[in-house]
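Residues per chain are reported as follows:
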Amino acid sequence: MKGRTMKNAPSPAGRRFLSVAALASLTALALGACGGGDTNSNTPIAEETGPVEITLATPAFTGGGAANPYQTLIDAFKAKNPNITVKLVESPADQHGQTMRTQLQAGNAPDLFYVTAGRGNNQSFASLAEAGYLQDLTDQKWAADAIPASAKNLYYDEDKVFAVPADLAPITMLQNTGVLKELGLQEPSTLDELVTQCKTARAAGKSYFAVAGTSGANTGLQAMQLAASLVYAKDPQWDAKRANKETTFADSDWKKVLEQILKFKDAGCYQDGAAGAGFDQLFPSVAQGKVAAAFAPAGAVAALKAQVKDGSFDVAVLPGEKAEDSRLIASPGNALAVNAAGKHKGSTLKFLEFLAQPANQDALAKANGNVSITSAVSGTVPEQFPLLEPYFSEPEKKIVSQPNYLWPNSGVYDSLGTGIQGLLTGQATPDQVLKTMDEQYDRGA
Amino acid sequence: MTAQLEQKAEGARVIGRQPRASKKNGREGDRGTERRFATWWWFTPALLALVLIHYAPSAIGAFFAFTNWKGLGKWQFVGWDNFAAIAEGGPTTTALINTFIIGISFVVLTNVLGLLLALGLNRTVKSRNVIRTLIFAPVVLSSLATSYIWKFIFEQGGPLNEFLGSVGLESLKRTWLGDPSTVLPAIIIVMVWQNVGLVMVMYLAGLATVSPELEEAASLDGASLWQRFNYVVLPAIMPSVVIAMTLMLINGLRVFDQIQALTGGGPYGASETLAVTIYKETFVLGRFGFGAALALVMSLIIIILTVAQRLLLRTSSKG
């Protein structure tokens, strides 16, 4: 090799070119050099008798300082299977999906990890299964048994099963009942009643709702609750029609959903500065009694009760235009999937089978503050949510699937969430938001 | 004619060179070759590491700009489709405009304020070392951490609105980060606050090279304050001006941390820059191919603007 010396060093112009080229390469991409591929292994799954350590990854649990709900079940499993140690790893909730994707591609993913049903967000199992990263569970009878008939559309991908549901998180209004009592407000039975109550709350110097305008996930939850009554009560098969291109967001009752948000805004239902509020401001606002309610999964009430001992909190359902139109969104969306490239699949499947047993699912749901799948299937009313009784007593009629699980990509829900922020600031109209949602939907999976 | 020109050019280069030792031959020449070989030998591991860790992933990333990869699974070549989608405009145009607004405002404000602070704290102020340290302190803090503090300050019920209310300026209270008309100025304030100390230090270093005698001489000759700055100080600190403006332009155009922490690009895309759009398209929406194409475009813009700025500053310093 012959070295370059100062004698044949590049001219100033040449050096500039090299600098520019180097800068181009340096700043071109912060993206990793990741390649896709089929990593699904067909290695036979063997029973492991020696000492084994498997890893379970979940989003960080924020249940008022309590331990991760899986820990109790891990301990119970260890007592029955002393040779298998389950190591629990938590990742920040908003980064869990991306962390799993990166680890799966890098080949260092955990043996078992949290996913959500369908394909509507970056934690959904379907795109991971298509890429060959998930273990096919179709032959495991216990896995199929764990999926309720009403949720088959969320879990079956071309007659194959790749994930097992863990529990069910109803999407609700988290209420400070002390504030409602102070304002003299009863649970509203229609949207018009709710708008009137917003004005009462405003006159008393409070607001009915706290929303996190900067969090698309939170504004989206509100829209989906409105859609439960305004869209899905009338047409439970709306998503199937959208998938078959028989309707669009722009030409459907989804427009009513966004118009209702504008009505809420005009009636002063939201707290001052809602458009710029962050997720971190929601629960403190409810806990401190500055607002009457916030939109959140029902399980959050347990954390709030644990943190604010002297408060009184409950969950309720956002009403419809008419009382009989009110619907609850509740899907067994929380699930677990097995890494196809995991080294200890025998032990991992054994642990997942243990978790899928009804008694253990009940225990997990209780620790999570959620509803167990067995309760939902049997129509048993969860004791911690008395206001949800009318819905769980008639689940087939009054409970609808979480819509975004059935959407083809995360862009649709993202457009809905950010679009609502645009409605709150006056930057967007319902038609613009719905058009963007349709564009994202039509991009496909 | 061509040969003559080349000869002249070669002559000019020879004149410009440093005097060399006598022509190497025999053992001396061998020693030189050995030295060169040794230089490369020691240099190669670092070069390899640099290529493998830095350039190769970037080049592979750039390759994906021509695919429809979604971050998982298989992909297909789509040629220039991703670049065509960028050229169609829409959100990327807003992001591009915001990037320019933030980048240019950031360069101007950090440099003007940094220079003023440096001039003010250069020699005369008694407690200048303490003040310099206080102004420089935000530079050493994490930009994410400081952004979250500023987010709290800008909140509806935050200290800024509380202060405005307490001094009777109720009408000025607003949702600073949730209002499309105030969100960009708010972000620029945070960025300038954090970086002005760094620019000040660069200018202080430049000012240290200006001879006080020269300034005194100009003063005795009757030069005004502005004339002393323009004809004595500014030419001397021109290297600092070039460095400070180049670095701030690059930092301003590629800003990500502060925006992600303060607004996430909102409200409704009003503060989205190219870097934030790249992140969102790539990691939130799973459009890795499109995100990679956008990253290439952003890099190209930064390179063009940086080179243009350097040429402009070189011309003005010669002028």
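A brief report on the enclosed structure follows. (Residues numbered from 1 in each chain as written. Chains lettered and ligands numbered in written order. Predicted model: local features only at pLDDT ≥ 70, side-chain atom pairs only at ≥ 80, totals over all residues. Heavy atoms only, no water.)

**Comments concerning the pattern of salt bridges**
All names here are of chain A.
Turning to step 1, where the next piece is worked out: Per the stated rule, a full pass over the model turns up 17 salt bridges over all chains.
Turning to step 2, where the next piece is worked out: The shortest N-O distance in the salt bridge between K160 and D136 comes to 3.9 Å. Here D136 lies in the loop between α4 (125–130) and α5 (141–145) and K160 lies in strand β5 (residues 160–161), a separation of 24 residues in the sequence.
Turning to step 3, where the next piece is worked out: A salt bridge links E321 to K256, with the nearest nitrogen and oxygen atoms 3.5 Å apart. One end of the pair, E321, is in the loop between β10 (313–316) and β11 (328–329); the other, K256, is in helix α11 (residues 254–266), and 65 residues separate them in sequence.
Turning to step 4, where the next piece is worked out: Taking relative accessible area as the criterion, E321 reaches 42% and is therefore assigned partly exposed.
Turning to step 5, where the next piece is worked out: Looking at K256, the relative accessible area reads 29%, which means it is partly exposed. (Salt bridge = Lys/Arg side-chain N within 4 Å of Asp/Glu carboxyl O. Helix = DSSP H or I, 4+ residues; strand = E, 2+ residues; numbered from the N terminus. Buried < 20%, exposed > 50% of the residue type's maximum accessible area, 1.4 Å probe, protein only.)

**Observations regarding the sheet that holds strand β1 (residues 52–59) of chain A**
Residues and elements named next belong to chain A.
Turning to step 1, where the next piece is worked out: Strand order in the open sheet formed by five strands is β2-β1-β3-β12-β6, with mixed pairing between adjacent strands. Both outer strands of the open sheet, β2 (84–91) and β6 (163–167), are each paired with one neighbouring strand and no more. Within this sheet the neighbouring strands show an average axis-to-axis angle of 30 degrees, counted without direction.
Turning to step 2, where the next piece is worked out: Pairing between β1 and strand β3 (residues 112–116): two bridges, direction parallel. Considered in β3, the bridge of A57 is made with F113.
Turning to step 3, where the next piece is worked out: Each of β1, β2 and β3 touches helix α3 (residues 96–106); the most contacted strand, β1, lies at about 140 degrees to it. (Pairing = 2+ DSSP bridges. Axes fitted to C-alpha atoms, helices over the stretch in contact; angles between N-to-C directions. Contact = heavy atoms within 4.5 Å.)

**So, unusual backbone geometry**
Turning to step 1, where the next piece is worked out: Backbone torsion omega between B:G266 and B:P267 reads 0 degrees, so that peptide bond is classified as cis.
Turning to step 2, where the next piece is worked out: With respect to the helices, strands and loops of the structure, B:P267 is situated in the loop between α12 (257–262) and α13 (274–284).
Turning to step 3, where the next piece is worked out: With phi around 60 degrees, A:K245 is a residue other than glycine that occupies positive phi space.
Turning to step 4, where the next piece is worked out: If you trace the backbone, A:K245 turns up in the loop between α10 (238–243) and α11.
Turning to step 5, where the next piece is worked out: For B:Y268, which is not glycine, the phi dihedral falls at a positive 50 degrees.
Turning to step 6, where the next piece is worked out: Tracing the sequence through the fold places B:Y268 in the loop between α12 and α13.
Turning to step 7, where the next piece is worked out: Judged by relative accessible area, which is 27%, B:Y268 ranks as partly exposed.

**Notes on the nonpolar core**
Turning to step 1, where the next piece is worked out: Counting residues in each nonpolar core, the largest one holds 62 residues, and the members touching the most others are B:I102, B:F154, B:I187, B:Y203 and B:I237.
Turning to step 2, where the next piece is worked out: Per-element accounting of this core gives the leading share, 15 residues, to helix α8 (residues 183–207) of chain B.
Turning to step 3, where the next piece is worked out: Among residues more than four places away in sequence, those in contact with B:I237 are B:L115, B:Y203, B:G206, B:L207 and B:V210.
Turning to step 4, where the next piece is worked out: A:A228, A:A316, A:L434 and A:Y441 belong to the second largest nonpolar core, which has 54 residues in total. (Core = buried A, V, L, I, M, F, W, Y, C linked by side-chain atoms within 4.5 Å.)

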